[in-house]
Amino acid sequence: MHAVHPLRFCIFLSYHFSKFEGEAPPEMGDTSKVPTEEDMDAAEEKRSEAMMGMSDGDFQKAVDCFTQAIKLNPGSAMLYAKRANALLKQKRVKAVIRDCDEALKFNPDSAAAYKYRGRAHRLLGNWLEAAKDLRLACKLDFDEQTDEWLKEVQPNATKLEEHNRKYERQRKDKEMREKRERVHKAQEEARKAQAEQEKSQGSSFFMGGGGPDDMAGIGNLFKDPEILAAMQDPEVAAAFQDVSSNPSNIFKYQSNPKVASVINKLVSKLGGGSCGGMPGGMGGFPNMDSFPGGPPSQSGGDDLD
């Protein structure tokens, strides 16, 4: 069997149903009407006439009689569903869907309404809607005709469902990638901001403008025998030269016990605080608690004298 081209199929449907869909849809009932017992009896008589019309193949008579019955008893889901069946025989598929929608307002569990609406959707090429309605109709009240109609739409509906699932997976994957990229970007920006803050803190530490008393205190530090001896070590001297040229480099030496020890001694001598104007542009060492063996946060660290 040759596959039917979708465009040709749509043109065929449009041509095939244009005659009937050009007609005005049948009247709907007045939902505010409360039928009397006489109305109910009269509606039943019209329903019987409509069913006779269906048996005789006179579908227009059936539609007209069902319409009169609906006007008498506008709250009957069964009447709308049966008129939908008559309209389906006439290929008035849009009117079928309209009547089935109305029937389901009054009875959401109407298997007949789902059945005929599903068939109408199939004739319009709405495979997913058709499969959904026909599956539900079979679930509510199985019959062989509904099952046959469902088997007819199942292959196309399954292909479309698989396509939609694939599209949905791709959409979710894309959202996850974009979310990860946003998180990564935010983390990078946070790291840059932290680095800038640390650099700024280091600059203020080494380039701080201390007063005469601070300068005198710093001068006394470098007269300390232990500190003078430590500065004779090439590694320590190179580290202080490095930090003097770029204050933020101080954080490189947190894991160097030799350099960290000298820094902690300086901070201890200064009472753990920061000071400005060390020789070569160096100042005090803030936040030295993070260095190994750093002084306690209280004032009065170990005296080297």
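Preceding this section is the structure that the text describes.
Residues numbered from 1 in each chain as written. Predicted model: local features only at pLDDT ≥ 70, side-chain atom pairs only at ≥ 80, totals over all residues. Heavy atoms only, no water.

**Observations regarding the side chain of R119**
Phase 1: Relative to the assigned elements, R119 resides in helix α6 (residues 111-123).
Phase 2: The class for R119 is buried, based on a relative accessible area of 16%.
Phase 3: Polar contacts involving the side chain of R119 include one to the side chain of E152, which spans 3.1 Å.
Phase 4: Not counting the four nearest positions on each side in its chain, R119 is found in contact with L88, L134, W149 and E152. (Helix = DSSP H or I, 4+ residues; strand = E, 2+ residues; numbered from the N terminus. Buried < 20%, exposed > 50% of the residue type's maximum accessible area, 1.4 Å probe, protein only. Polar contact = N/O pair within 3.5 Å; in protein donor to acceptor, adjacent residues only side chain to side chain. Contact = heavy atoms within 4.5 Å.)

**Brief notes about the packing of helix α4 (residues 77-89) against helix α5 (residues 93-106)**
Two numbers describe a pair of packed helices, the interaxial angle and the distance between the axes.
Phase 1: For the pair α4 and α5, interaxial distance at closest approach is 8 Å and the crossing angle is 165 degrees. Classified by the angle between their axes, α4 and α5 sit roughly antiparallel to one another. You can see that α4 and α5 cross each other, and the crossing is left-handed. Taken together, the residues of α5 that come into contact with α4 (itself represented by A77, Y80, A81, R83, A84, L87 and L88) are A95, V96, D99, C100, E102, A103 and F106.
Phase 2: Taken together, the residues of the contact of α4 with α5 break down into eleven nonpolar, no polar and three charged. (Axes fitted to C-alpha atoms, helices over the stretch in contact; angles between N-to-C directions. Parallel < 35°, antiparallel > 145°, perpendicular 65-115°, else oblique. Left-handed = near helix turned anticlockwise from the far one by under 90°. Nonpolar A, V, L, I, M, F, W, Y, C, P; charged D, E, K, R; others polar.)

**Topic: the layout of surface pockets**
Phase 1: Of the volumes computed, that of the second largest pocket is approximately 160 Å³.
Phase 2: M78, A81, K82, A112 and Y116 are, among the 13 residues lining the second largest pocket, the residues nearest its centre.
Phase 3: Of all elements in the fold, only α2 (37-56), α4 and α6 reach the threshold of two or more residues within the lining of the second largest pocket.
Phase 4: Looking at the lining of the second largest pocket, the element that brings in the most residues is α4, giving five residues.
Phase 5: Split by residue class, the lining of the second largest pocket holds nine nonpolar, three polar and one charged. (1 Å grid on protein atoms, 1.4 Å probe; cavity = no way out; pocket = protein on both sides within 12 Å on 5 of 7 lines; lining within 4 Å. Points joined across faces, edges and corners; volume = space filled by probe spheres on them.)

**Remarks on the environment of T146**
Phase 1: Position of T146 relative to the elements: it lies in helix α8 (residues 144-206).
Phase 2: Each C-alpha atom of the pair T146 and K115 lies 6.3 Å from the other, and the pair is 31 residues apart in sequence.
Phase 3: Setting aside chain neighbours within four positions, we find T146 in contact with K115, L134, A137 and C138.

**A closer look at the side chain of K115**
Phase 1: In this structure, K115 sits in helix α6.
Phase 2: Assessed through its relative accessible area of 10%, K115 is described here as buried.
Phase 3: If we skip the residues at most four places from it in the chain, K115 touches L134, A137, D143, Q145, T146 and W149.

**Let's talk about the packing of aromatic side chains**
Phase 1: Tallied over the full model, the rule gives one aromatic pair.
Phase 2: For the pair Y80 and F106, a centre-to-centre distance of 6.1 Å together with 15 degrees between the ring planes defines the contact as stacked. Within this pair, whereas Y80 is found in helix α4, its partner F106 is found in helix α5, the two being separated by 26 residues in sequence.
Phase 3: Of the residues examined, Y80 reaches a relative accessible area of 0% and is grouped as buried.
Phase 4: Residue F106 is classed as partly exposed on the basis of its relative accessible area, which comes to 34%. (Phe/Tyr/Trp six-rings, centres within 6.5 Å; stacked < 30°, edge-to-face > 60°.)

**Section: the nonpolar core**
Phase 1: Grouped together as the largest cluster of nonpolar side chains are 38 residues, with contacts concentrated most on F66, A86, L88, V96, C100, Y116 and V153.
Phase 2: Listed by contribution, the elements that provide at least two residues to this core are α2, α3 (59-72), α4, α5, α6, α7 (127-140) and α8.
Phase 3: Aside from chain neighbours lying at most four places away, what touches A86 is M54, F59, A62, V63 and F66.
Phase 4: Membership of the second largest hydrophobic core comes to 13 residues, among which are M231, F240, V262 and L266. (Core = buried A, V, L, I, M, F, W, Y, C linked by side-chain atoms within 4.5 Å.)

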